[in-house]
Amino acid sequence: MIKTLRDRGLKHMLNSHPSVNKIASILEISLRDGEAKLKILLKGEEEPISLSLNYAIEDESLRVSGVKSDREWVNGLAGAFEDKYAKISLGKYGKLAWLVKHLI
């Protein structure tokens with residue numbers, strides 16, 4: 001029950017963030033033991049994409065790895081940007097960062 005509420009809260013929070021809202025709507029998110037599974041509808045697309053990834057909070061950063069999708073072009077983009085977005089600083093997101101660290 002707690003995990004379900006956490007996932008719903010995280011989904012709502014991310015969908016409310018202007019950077020996410022500009023490009024996509026998160027339809028489903030599930031976090032379990034360092035692994036996330038998402039279903040996302042990108043703006044302008046008719047069908048959602050599925051993503052899975054590994055995550056960890058390290059100090060003030062979110063570490064993301066092993067991004068996989070059901071779309072080959074998304075896998076290509078994930079591979080191309082793997083080094084750049086492998087470690088995301090949460091400090092610049094203020095209260096949002098605090099909430100993310102406590103939710104996951």
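Here the structure is a predicted model, which is why all the values come from computation and not from measurement.

### Overview of the pairing of strand 4 (residues 61-69)
- Judged from the seven bridges that link them, strand 3 (residues 49-58) and strand 4 form a sheet pairing that is antiparallel. Opposite Ala56, over in strand 4, you have Arg63 as the bridge partner.
- Linkage of strand 3 to strand 4, two consecutive antiparallel strands, is achieved through a turn of two residues, within which Asp59 is found at a positive phi near 55°.
- Alignment of strand 4 against strand 5 (residues 87-89), held across three bridges, turns out to be antiparallel. Residue pairing for strand 5: Arg63 is matched across the bridge by Lys87.

### Some points on unusual backbone geometry
- Even without being glycine, Asp33 reaches a positive phi, approximately 45°.
- Its location among the elements puts Asp33 in the loop between strand 1 (24-32) and strand 2 (35-42).
- Looking at Asp33, the relative accessible area reads 80%, which means it is exposed.

### Side note on the side chain of Ser69
- Mapped onto the secondary structure, Ser69 falls in strand 4.
- On the accessibility criterion, Ser69 (14% relative accessible area) is buried.
- From its side chain, Ser69 meets the backbone oxygen of Ser50 in a polar contact 3.2 Å long.
- Other than its neighbours up to four places away in sequence, Ser69 contacts Ile49, Ser50, Leu51, Val74 and Asn75.

### Observations regarding the environment of Ser65
- Within the secondary structure, Ser65 is located in strand 4.
- The exposure class assigned to Ser65 is partly exposed, which follows from its relative accessible area of 33%.
- The residues contacting Ser65, other than those within four sequence positions of it, are Leu53 and Asn54.

### Focus on the side chain of Asn15
- Secondary-structure assignment places Asn15 in helix 1 (residues 2-16).
- Classification of Asn15 as buried rests on a relative accessible area of 18%.
- With residues up to four places along the chain from it excluded, the contact list for Asn15 reads Val20, Asn21, Ala24, Ser25 and Ile26.

### Quick notes on a nonpolar patch on the surface
- On the surface, Trp73, Leu77, Phe81 and Tyr85 cluster together into a nonpolar patch covering about 430 Å² of accessible area.
- Of note, Phe81 is situated in the loop between helix 3 (72-80) and strand 5.
- Since its relative accessible area comes to 40%, Phe81 is described here as partly exposed.

The rules behind the values
- Residues numbered from 1 in each chain as written.
- Predicted model: local features only at pLDDT ≥ 70, side-chain atom pairs only at ≥ 80, totals over all residues.
- Heavy atoms only, no water.
- Pairing = 2+ DSSP bridges.
- Helix = DSSP H or I, 4+ residues; strand = E, 2+ residues; numbered from the N terminus.
- Buried < 20%, exposed > 50% of the residue type's maximum accessible area, 1.4 Å probe, protein only.
- Polar contact = N/O pair within 3.5 Å; in protein donor to acceptor, adjacent residues only side chain to side chain.
- Contact = heavy atoms within 4.5 Å.
- Patch = residues over 30% accessible without salt bridge, like charges linked within 9 Å, V, L, I, M, F, W, Y side chains within 5 Å.
- Areas by Shrake-Rupley, 256 points an atom, 1.4 Å probe, with all protein chains shown as cover.
- Salt bridge = Lys/Arg side-chain N within 4 Å of Asp/Glu carboxyl O.

No statement about biological role is implied by the geometric values presented.
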